[in-house]
Amino acid sequence: MVGRRCLHALALSLGALAQEELDLTQPYVAPKVDGLHFAETFDGDVWSRWAKSAAEKYNGAFNVSTRTQEALRGDLGFLVPEESKHYGAAVKFAPLSVQENGGFAVQFEVKFQAGLSCGGSYLKIFNTGGSEPSAFQDDTRYVVMFGPDRCGATNKIHFILQHKSPATGNWEEKHFKDAPAAPSDELSHLYGLFIRPDNSFEIQVDLQTKASGSLLESMSPAINPAKVIDDPSDSKPGDWIDEAKMDDPKSSKPDDWNEDEPFQIPDPSASLPSGWKEDEELKIPDPNAVRPGDWDDDEDGEWEAPIISNPACKVGCGKWEAPKIKNPAYKGKWYAPKIDNPAYKGEWKPRQIDNPDYFVDNTPYRLPEVNAIGIDIWTISKGLIFDNIVLDTDADKVQKFGSETFKLRSDIEQKQVKAKTRKNTGFFGQALDTVVDNLAAFMLTALALFGGLIWLCIRSSSPPPPPRAPSASQSSGSDASAGSKDAAGAQGEDAKPEGEDAKERQGGLSETLHEE
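So, here's what we can say about the structure. The model shown is predicted, which means the values in this text are computed figures rather than measured ones.

Here we take up the state of the cysteines. Simply put, the disulfide is a covalent bond whose two ends are the sulfur atoms of two cysteines. Evaluated as defined, the whole model comprises 2 disulfides. The disulfide that involves Cys118 links it to Cys151, with 1.8 Å between the sulfurs. Handedness here is read from the sign of the S-S torsion; for Cys118 and Cys151, about -80 degrees, the answer is left-handed. Within this pair, whereas Cys118 is found in strand 9 (residues 118-120), its partner Cys151 is found in strand 11 (residues 142-151), the two being separated by 33 residues in sequence. By relative accessible area, Cys151 is classed as partly exposed at 36%. Disulfide partner of Cys313: Cys317, at an S-S distance of 1.7 Å. Looking down the S-S bond of the Cys313 and Cys317 bridge, the torsion is -100 degrees, so its handedness is left-handed. For Cys313, a relative accessible area of 14% gives the class buried.

Here we take up the packing of aromatic side chains. For any pair of aromatic rings, the description consists of the separation of the ring centres together with the inter-plane angle of the planes. Here the structure, examined in full by the defined rule, presents 15 aromatic pairs. Ring geometry for Phe38 against Phe93: centres 5.0 Å apart, planes inclined by 35 degrees, an arrangement best described as tilted. In this pair, Phe38 is assigned in strand 2 (residues 38-40) and Phe93 in strand 7 (residues 85-96), connecting sequence segments 55 residues apart. Overall, Phe93 belongs to the buried group, its relative accessible area being 8%. Judged by centre distance (5.0 Å) and plane angle (20 degrees), the rings of Phe42 and Phe78 are stacked.

Bringing unusual backbone geometry into the picture now. Across the junction of Ser220 and Pro221, the peptide omega takes the value -10 degrees, indicating a cis bond. Within the secondary structure, Pro221 is located in the loop between strand 17 (219-220) and strand 18 (228-230). Even without being glycine, Asn199 reaches a positive phi, approximately 70 degrees. Checked against the element boundaries, Asn199 lands in the loop between strand 14 (188-195) and strand 15 (200-205). Located in the positive-phi region is Leu207, a residue other than glycine, with phi close to 70 degrees. Locating Leu207 in the fold gives a position in the loop between strand 15 and strand 16 (208-214).

Together, Asp294, Asp296, Asp298, Glu299 and Asp300 give the surface a local cluster of negative charge. Within the secondary structure layout, Asp300 lies in helix 2 (residues 297-300).

Quick look at the pairing of strand 15 now. Counting buried residues in strand 15 gives 5 out of 6 residues, a clear majority hidden from the surface. Two strands pair when backbone bridges link them, and strand 14 and strand 15 are joined in this way by 5 bridges, in the antiparallel orientation. By the bridge assignment for strand 15, Tyr191 is matched with Val205. In textbook terms, the turn of a hairpin is the stretch between consecutive antiparallel strands, and for strand 14 and strand 15 this stretch comprises 4 residues, one of which, Asn199, has a positive phi near 70 degrees. Inspection of the sheet shows strand 15 paired to strand 16 by 6 bridges, in the antiparallel sense. Residue pairing for strand 16: Val205 is matched across the bridge by Gln208. The turn linking strand 15 back onto strand 16 is made up of 2 residues, and Asp206 within it adopts a positive phi angle of 55 degrees.

Here we come to the pairing of strand 26 (residues 370-379). The element strand 26 is extensively covered by neighbouring structure, given that 9 of its 10 residues are classed as buried. Here 9 bridges tie strand 7 to strand 26, and the two strands are oriented antiparallel to one another. Directly across from Ala89, in strand 26, lies its bridge partner Ile375. One ladder, built from 3 bridges, connects strand 10 (residues 123-126) with strand 26; its direction is antiparallel. If you follow Phe126 over to strand 26, its bridge partner there is Ala372.

Grouped together as the largest cluster of nonpolar side chains are 57 residues, with contacts concentrated most on Phe104, Val144 and Phe159. When residues in this core are grouped by element, the largest group, 6 residues, is from strand 7. When near neighbours in sequence (up to four residues on either side) are disregarded, Phe159 contacts Val144, Met145, Lys174, His175, Phe176, Leu193, Ile195, Phe201, Ile203, Leu215 and Met219. By size, the runner-up hydrophobic cluster in this structure holds 7 residues, among which are Leu36, Ala105, Phe194 and Phe401.

With that settled, consider helix 3 (residues 395-421). Given 3.6 residues per turn, any residue in an α-helix points the same way as the ones three and four places further on. With 27 residues, helix 3 should cover 39 Å at 1.5 Å per step; its first-to-last C-alpha distance of 37 Å lies within 8% of that length. Along helix 3, the sharpest change in direction is near 35 degrees and occurs at Phe406. Every buried residue belonging to helix 3 is among Ala395, Val398, Phe401, Gly402, Thr405, Phe406, Arg409, Ser410, Ile412, Glu413 and Gln416, and all of these are buried. By the N-cap criterion, in which a side-chain oxygen at the helix start approaches the backbone nitrogen of a residue two or three places on, helix 3 is capped by Asp394, the distance to Asp396 being 2.9 Å.

The rules behind these values
- Residues numbered from 1 in each chain as written.
- Predicted model: local features only at pLDDT ≥ 70, side-chain atom pairs only at ≥ 80, totals over all residues.
- Heavy atoms only, no water.
- Disulfide = S-S within 2.5 Å.
- Helix = DSSP H or I, 4+ residues; strand = E, 2+ residues; numbered from the N terminus.
- Buried < 20%, exposed > 50% of the residue type's maximum accessible area, 1.4 Å probe, protein only.
- Phe/Tyr/Trp six-rings, centres within 6.5 Å; stacked < 30°, edge-to-face > 60°.
- Patch = residues over 30% accessible without salt bridge, like charges linked within 9 Å, V, L, I, M, F, W, Y side chains within 5 Å.
- Areas by Shrake-Rupley, 256 points an atom, 1.4 Å probe, with all protein chains shown as cover.
- Salt bridge = Lys/Arg side-chain N within 4 Å of Asp/Glu carboxyl O.
- Lys, Arg positive; Asp, Glu negative; His and termini not counted.
- Charge placed at Lys NZ, Arg CZ, Asp CG, Glu CD.
- Pairing = 2+ DSSP bridges.
- Core = buried A, V, L, I, M, F, W, Y, C linked by side-chain atoms within 4.5 Å.
- Contact = heavy atoms within 4.5 Å.
- Expected span 1.5 Å × (residues − 1).
- Bend = angle between axes of the 7 residues up to and from the residue.
- Polar contact = N/O pair within 3.5 Å; in protein donor to acceptor, adjacent residues only side chain to side chain.

Right, dumping it as structure tokens:
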């Protein structure tokens, strides 16, 4: 009996432990940002740092909010609360310049809480030029645009660099030609762009490289223009022949070539099938139908019998037409055969001249000075939330920050997804899955629990100590009353209250402890 009580208590304790593990969230702890040039975790007074764009087109307003389903309780982000609106906001920071042999790194989190069917979620890194962040808008010149964008056939992680030509002074957009696709789920994802002093760059998603390239080779149009270009003043001469083939002037259409013959003709060997009735209709009114007795022409309209297939048309009815076959006399339109063109001069190309805008920039990794980050997006989806935006010249610092902040959230969100898929498996099924997902921590806790309960069970099942021997005075009196006590004892044992039996059958950890 005591053994069963201990096992029952043990099972309940393990179930309670697994149920506790099902609460996957953890309290948010603000990350350390020391040593990073710029870091925005959206803690504290966010609007003392950020400013909403003052341009009229931005009819949406960001909110500082927690996520719909939290992984880190109390963690705030920059939320898009409404769909089908334009959102614009910017933050200013101390100027950042990429020095010789330096690098550039930007990283941020985005979560599409309600999915993303059409819209952007990218950052623009720019220089305010002395303006306030509220002056930021869609046509503000940026240096780097980076982040996911999806709408229709477009699904990519943009990397666009604006480069200033030293020859003309004009700024040109340079797009990464092989931009990777953005994740399509509703989990948090970490996007990172890292530019290095050898002009190489890589795009990471969740700390894993998804694409890489070279600023000198992977951008379109190229950073450095062509040395020679087509002469814009040159044009093809009027007598230039660039057709390599021509119709043979000596050929003519044969006399028996009939272009009017059709491709198909009725089969002349076909004949009207036996049983085909050309005078009958395929559909007829049902001759067996009877007008209902309660039919009222004034209210129901003129009664007509329902239409049925004509039973006389088992082979066919109506006008018969012979099936079509390929016309043996068909030749189609006649064309003269082609011969080499004796006047052919080859494909015309304009002459080449030196490019007046030619330059060579071997260090495009040295980006212009930037001092602000802006978000300028339009989306038909709500629920987008930005977080943990960091910027620095040291890629290692940025990646370390991402590893410390993102991995914990991502692990919890993955477990939450698993919990949703198994919520219909019952309590013990969920408890088992939770134990498997947290095996190390569970085993340590379970060992301590097992040890305590086993010790308790061993103590509970130990036999009671033997009674002490009676003294001489007690022995003399006990013999006289032994008979009566034995009778009373037997009667009392037979009359044991039913409630005490029920209590003993109930058992459990609490009773074991009480008995101890």
